[in-house]
Every structure is written in structure tokens, then in C-alpha cells.
2 protein chains.
Amino acid sequence: MKIALDAMGGDYAPMEIVAGAVSAARSLDCELVLVGDEEKIYSELYKFSDWKNLNISVHHASEVIEMGEHPAAAVRKKKDSSLVVATQLVKKGECDAVISAGSTGAAVSAALLILGRIKGIARPTIATPIPVGSNLTLLMDSGANVDSKPLHLVQSAMMGSLYSQYVFGVEKPRVGLLNIGEEATKGNEQVLNTYPLLESTTTVNFCGNAEGRDIVNGRFDVVVCDGFVGNVVLKFAEGLAKTLVKLMKQTMKNSGIMAKIGALLLAPTFRKFAKQIDYTEYGGAPLLGVDGCCIIAHGSSNAVAIKSAIGVACEYVKKDVNAHIRENILQEEMLSNDKDK
Amino acid sequence: MKIALDAMGGDYAPMEIVAGAVSAARSLDCELVLVGDEEKIYSELYKFSDWKNLNISVHHASEVIEMGEHPAAAVRKKKDSSLVVATQLVKKGECDAVISAGSTGAAVSAALLILGRIKGIARPTIATPIPVGSNLTLLMDSGANVDSKPLHLVQSAMMGSLYSQYVFGVEKPRVGLLNIGEEATKGNEQVLNTYPLLESTTTVNFCGNAEGRDIVNGRFDVVVCDGFVGNVVLKFAEGLAKTLVKLMKQTMKNSGIMAKIGALLLAPTFRKFAKQIDYTEYGGAPLLGVDGCCIIAHGSSNAVAIKSAIGVACEYVKKDVNAHIRENILQEEMLSNDKDK
């Protein structure tokens, strides 16, 4: 198995991308191709004395897509960017998967424009794993699409369910539709029209409506929503975490010596606690529905997150998630029903 | 000033509602009417030796609207329910405001059916204050409406801005439109069509798009969104808080004696920290746009939260928020523009 890494994408690229690749190459059974400015990549690689014994190679690419750029335009224009070149390696069959921690929009655009969609899938969606303690819920979609049609949400549910089953080993994933109440009669037009479709789908274990709280309480393995809502929720969670940490630090600063001793004594417990909600342990969100494997890593990914993303890519390819999606493509009749609406 | 309290609504009603009323009557300059089962209310009141010296009266109502009931149907059917009777007291001019910690849907329905809307306001919206440290952001709407039209969001922005200005004393509230990116070209159809309207509105200090993280980082005083999104975000935050507390307790349980001593030493700091994100200090979310004052308290409100909600109602009435809304009703031309679409 061969995985292409966009070595220039991410807040800590290429340093953490290279470090993650080295760490993965030491323990995982896969070949890694670091794509990007070779000079910069080699200067990072040389920090690891054993790198030449590892299954790592470098593929030069002269350009970088920056965070602020218009995704599709940048992908079209920067043909020699690390992201485009890495995605091309998958298209040409030289690699089995591509991973990027750069602009999510650009990674989605590159996948759509270069790899294309699996036949029958209307809109690929980003499946973000939300780990809280022993619960792991897959949030679909976290921002690839907005104004999704009911069919898109149903296909999203199907793909998320297969991913949860084959990659996370959940036997019969419980799928929920994100809504503002549990009753089937609640919600906006989008979810009201999606509910009966999900109910009648035999390929998905639909367990009814999920509410905001159900994203983190373990009631569902897969929660399906419009990318607008998923994106807002994820960014809200990130913002909340940052703001609370800042607030806690300020409060600590104004506390006495006893509190500071208390904090020291509690530090190992805090670390154990933090590990249970640490996304870097899950590291990558696949773009489900594209004809190839594309894993999107968080922009602030460190080496641990990159290594996890590589692990995710390995599982994705090994379990052949796309073959399962092809087998389960939701019926053409649904597509035509949708068109009639 | 006279405020009607739905004494039977809420997870801890009537106990905490009555206790909150007593506490408010001791310190705030207002008259309180407890509406509901008089026997139950009196038995709570008698727990407070000074209640007869306070500005509190009881108004009997024989029915209660339960959480599971269909809001509008329940309001229509249970004419002698504590919520309906309390709202009627405002309609008749006997009270200036109504507060309920019962079913949010029922409170909204009662307000719409009994009080009606302020002329020109298409859809009243719930303004939920989100306190994080020294930041206080008003999230509009948290679930009164779904599939809102651009005009509804613009009116929501205007009302939230006035509320922030007159009740929270923010001179020129910074208003943001909740979206999945900062750029004006991002988002779904709803926000793409709302953005230019907000930009051209002179009554609102529109500061551009807000992202999920901006609900808690203090960048905006008012964040406007569809009730579907707002509801999901609020319930997600609640679920996250509950799940994290549970997880922390489990982690603590499995920790050694040193960690437990640490926790004891840190307890006062934790309490200080928790107070900074404690919604009970803000206690009530007004339903802006109805012709009267209706404050919705959280279902799990305790006496502190109820007292805060009463404080909110007092400020609302004292500052005559509705008069300011009437003055600033967004132009009829916008209404007709919207109809043409």
C-alpha cells in the first residue's frame, strides 16, 4: 500500500507532516510518498537518523495552495501544487490514498476534480469522527456540501454507516438524522423530507432523529446532517474548547498557592481526561464518495494526528470501503424520484 | 411592574420557581404573580417565613401543559393551564411580562396565539445569551423558527441588536451572520441572500460573517442564525458539558489519592471557573418580536436562574424594548421585496 502525503498542507507543515510520516513508517505496513518542496522536506527528514531505512520517498512539487485561496480556482491554476500532485498520484494509480492537512475546501475540490465521484453518488461528504470517552460518533457532513437534498443525506447515511462498519468495526451502526426534536414531525423541510427516505432504506439501520446532544453522548454511531450545520457545530466545539482553556488558565492565574499545588496533583488525571477527547488519536476525516481515498486531516495536525490519519488511510484501503459503497449505491429509482421533485 | 410566573413549568416546578420568586421579591422592585395549582404553590410559599411581607400573589390555574404535548394544540386545548393563564394576564394588561421554564414550544405558541406579533415583525425569535467569561453573545434564534427567510434573519438581527443595546448596555452591538466561512461568498442560499440585506441595513451594525467559534469568543455581541442551527448548537453545548463532566468524574474515580487531594485544593478555582460559564446567572431568553414580554427560562432552571429571568423581565419592561423594536421595524419595502422573490 502506498500513500501520498501533501507535505506542505497544514499549520505545522512540513515539519509535523514529515514527523508523522516517519512515525507511521516505523510502525505501519505502508509506503509513504511525501509530496512538496523537496528541499524543505529533506531538511525535515534529515532530523531522523533512521529515515533512509524507512519506506518513505519524496516527490517534488513546486507550488503550495494557501489557506485563503479560492479552492476550485487554486486547484485548477496550481497544477504543480503539493495537493494537486499528491491527488494526481492516486488518480494515476501510483498511490492508493492521499492525505492533506491543508485547506479543506481545496482538498475537496482536488478530489472532486481529479478523482471524481463514485458512479451514482451525487455528493461526496466529509465524515468526521467525534471521540468522547469510549463513544465515537461519525458526523456526516462537516462542510463539503450545503443545501443538501434528501437523497444526498440518505447517501451520506449509507456511506457513513459502511465506514463505521468496516473501519471502526461497528456491527450494525446506529444512524441518526440531526434534528431539533426526536419526533418525526419536527424539523425543517430538508429533514422532514429525508426522514421517510431513511426509514424506507434497507441498507441503513436508521434509528430516528438525533438532537445536538446526541453527537457526543454515544446514542448514535453515525449522525447525518447538512454540511452547514455540521461545520458550525465542529467550529463551535473547537472555539468552545479554546475559550474554556483560556478562561481556566486565567482563573488559575488568579488563584492562590493551594490551587496551584492542586493543579499539579491533578495534572496526570487531566492528561488522562484530555486523551479521551483528543481528536489527534483519530486524526483524519475521509471524504466519502470520491473515486479514490482522500483523507482530510485537521489544519493544526501534529505528528500524532498525521500518523493517525495515515492509519485511517491504511484501514480505508485495506477494507476497500469504496467497493462496499459501490455495492450499496442507493437505487437509481431514488435518484429519479428525487429529480421529479 | 408586575410579572406573571408559570409556576408549574420546568423540571423543578413549582419548588424552584417559587423559591426564585421569593428571592427576587426580596431584592427587586417588582410584583410577582405565581400562576398554577394554588395548593402546591402555597405549600412551597409557606417554606419562607417572610413571604407574606413580599410582593407576591397567587393566581390559580387548574391545568399543566406537559413537555411531550404538541405545543399549539396544548395551548388551544388547556385554557386553564398555568402557561396560558399567565400569558393571558399579560394580554389583559394585568401583568407586564410572563416567564415560563416549561416547554419552549408551548411558551412560543402561547405568546404567538395570545399576545400576537409586533406589527411588521414576521417571525418572533428566541434570543439566548451565551456567557463565557467576560464575553456575552446573544444567539438568535435558538429554535423558534426553521427555514427562515432572509427578511426574518434581518429582523432577528435588528431585534437582537436592540436587546443587546438596551438590556445589556452594549453601545453599538457587533452583529454577525452565522456561516461556514468569513467570506461573503460562502454559505448556503439562506445566508448568501441575507448577507447583502444585512449590509444595506442602517439600523444594524453588521460586522460580517461569524463562524461557529465566534459564538463563544467574544468577537460578536449578536450572532444571527436559523433556529434549526441555533437549536442544534445549544443542545450540542449542553450535551457536551454533561458528557465531559461524566467523563471527568469517571477519570477522577480511577485516579489515586494525590489526584483526589488535588481536586479538593482546586475546588474553589473550579467553582470560580464554573460561575463564569453559568447560564443561571443570565437565566432567561426573551422571545423577541411578540407584542408583550415573554421570557423563556431553561427547563432545568433552579431558583437562581428564575430570579435572573425575573431580573431580565424587569429590564425588558423598564427599557421598553418593544417600543424600540416598533421604532426600528424594518421597512415595508423590504417586506415587499421579499415577497417578490
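Only a predicted model underlies this, so the values are computations on that prediction, with no experimental measurement involved.

Peer 1: Whenever I open this one, unusual backbone geometry confuses me. Can you help?
Peer 2: Peptide bonds are, in most cases, trans, and in most cases residues other than glycine have a negative phi. Across the junction of Met140(A) and Asp141(A), the peptide omega takes the value 10 degrees, indicating a cis bond. For Asp141(A), the location among the structural elements is in the loop between strand E6 (135–140) and helix H6 (150–167). Of note, the amide linkage connecting Ala13(B) to Pro14(B) takes the cis form, showing an omega dihedral of -5 degrees. Relative to the helices and strands, Pro14(B) resides in the loop between strand E1 (2–6) and helix H1 (15–27). In this structure, Asp320(A) is a non-glycine residue whose phi angle is positive, near 50 degrees. Using a relative accessible area of 41% as the deciding quantity, one classes Asp320(A) as partly exposed.

Peer 1: Would you mind showing me how to read the interface of chain B and chain A here?
Peer 2: Quoted interface sizes are often the accessible area lost when the parts come together. Contacts between chain B and chain A engage 50 residues on the former and 50 residues on the latter. Contact between chain B and chain A buries roughly 4700 Å² in total, counting both sides, with carbon and sulfur atoms accounting for 77%. Three residues, Ile180(B), Phe228(B) and Phe236(B), lead the burial of chain B against chain A; their summed loss comes to 15% of the area buried on that side. Our count for the contact surface shared by chain B and chain A stands at two salt bridges. Taking the shortest distance from any N to any O, the salt bridge between Glu211(A) and Lys235(B) comes out at 2.4 Å. Taken together, the links from chain B to chain A amount to 10 residue pairs in polar contact (both at pLDDT 80 or more). For the side of chain B that touches chain A, the secondary structure elements donating two or more residues are helix H7 (189–200), helix H8 (227–253) and helix H9 (257–276) of chain B. With 17 residues, H8(B) is the largest single contributor of residues to the side of chain B that touches chain A.

Peer 1: Is there a simple way to think about the packing of aromatic side chains in this case?
Peer 2: We describe a pair of aromatic rings using the distance from one ring centre to the other and the angle between the two ring planes. Tallied over the full model, the rule gives 13 aromatic pairs over all chains. With centroids separated by 6.3 Å and ring planes inclined at 70 degrees, the aromatic side chains of Phe236(A) and Phe236(B) adopt a geometry described as edge-to-face. Of this pair, Phe236(A) sits in helix H8 (residues 227–253) while Phe236(B) sits in helix H8, each in a different chain. For Phe236(B), a relative accessible area of 3% puts it in the buried group. Here Tyr163(B) and Phe168(B) contribute two aromatic rings whose centre-to-centre distance is 5.4 Å and whose plane-to-plane angle is 80 degrees, an arrangement assigned as edge-to-face.

Peer 1: Quick question: what am I supposed to make of the environment of Val233(A) here?
Peer 2: All names here are of chain A. Among the secondary structure elements, Val-233 is positioned in helix H8. Here Val-233 falls in the buried class, since its relative accessible area comes to 2%. With 18 residues separating them in the primary sequence, Val-233 and Ile-215 have C-alpha atoms 9.6 Å apart.

Peer 1: Mind showing me how you'd approach helix H9 (residues 257–275) of chain A here?
Peer 2: Within an α-helix, residues lying three or four positions from one another point in the same direction, as the helix has 3.6 residues per turn. In this model H9(A) runs 27 Å from its N-terminal to its C-terminal C-alpha over 19 residues, within 8% of the 27 Å that 1.5 Å per residue would give. At Leu266(A), H9(A) shows its largest bend, some 50 degrees, and a proline, Pro268(A), comes one to four positions later. Contact partners of the buried residues in H9(A): H8 of chain A together with H8 and H9 of chain B.

Peer 1: I'm lost on the relation of the copies chain B and chain A in this one. Help?
Peer 2: Two copies of the chain are present, and they differ by a rotation about an axis and a shift along that axis. Of the two same-sequence chains, chain B is brought onto chain A (RMSD 0.0 Å, axial shift 0.0 Å) by a rotation of 180 degrees. One copy is carried onto the other by what is essentially a two-fold rotation axis. Minimal C-alpha distance to the rotation axis in chain B is attained by Gly262(B), lying at 1.8 Å. Interface overlap between copies is the fraction of interface residues in one copy that are interface residues in the other; for chain B against chain A it reaches 100%, indicating a shared surface.

Peer 1: Help me out: how do you make sense of the confidence of the model for chain A in this one?
Peer 2: Any residue range with low pLDDT should be treated as having predicted coordinates unsuitable for detailed reading. Averaged over all residues, the pLDDT of chain A is 91; the fraction at 70 or higher stands at 95%. The ipTM assigned to the predicted complex is 0.88, against a pTM of 0.90.

Peer 1: In this structure, what is going on with the sheet that holds strand E5 (residues 125–132) of chain A? I would like to understand it.
Peer 2: Residues and elements named next belong to chain A. One open sheet holds the 11 strands; their spatial order is E3-E2-E1-E4-E11-E10-E5-E6-E9-E7-E8, and the pairing between them is mixed. Two strands in the sheet have a free side with no partner beyond their single neighbour: strand E3 (56–60) and strand E8 (206–210). Pairwise comparison of adjacent strand axes, ignoring direction, gives a mean angle of 25 degrees for this sheet. Both E6 and strand E9 (residues 222–224) contribute to a ladder of three bridges, which runs parallel. Residue Met-140 lies in a different strand from E9, and its bridge partner there is Val-224. On top of the sheet, helix H4 (residues 82–91) reaches strand E1 (2–6), strand E2 (31–36), E3, strand E4 (97–100) and strand E11 (293–297); it is set at about 145 degrees to E2, its chief contact.

The rules behind these values
- Residues numbered from 1 in each chain as written.
- Chains lettered and ligands numbered in written order.
- Predicted model: local features only at pLDDT ≥ 70, side-chain atom pairs only at ≥ 80, totals over all residues.
- Heavy atoms only, no water.
- Helix = DSSP H or I, 4+ residues; strand = E, 2+ residues; numbered from the N terminus.
- Buried < 20%, exposed > 50% of the residue type's maximum accessible area, 1.4 Å probe, protein only.
- Contact = heavy atoms within 4.5 Å.
- Buried area = accessible area lost by both parts, 1.4 Å probe.
- Salt bridge = Lys/Arg side-chain N within 4 Å of Asp/Glu carboxyl O.
- Polar contact = N/O pair within 3.5 Å; in protein donor to acceptor, adjacent residues only side chain to side chain.
- Phe/Tyr/Trp six-rings, centres within 6.5 Å; stacked < 30°, edge-to-face > 60°.
- Expected span 1.5 Å × (residues − 1).
- Bend = angle between axes of the 7 residues up to and from the residue.
- Least-squares fit on C-alpha atoms with pLDDT ≥ 70 in both.
- pLDDT = per-residue confidence, 0-100.
- Pairing = 2+ DSSP bridges.
- Axes fitted to C-alpha atoms, helices over the stretch in contact; angles between N-to-C directions.

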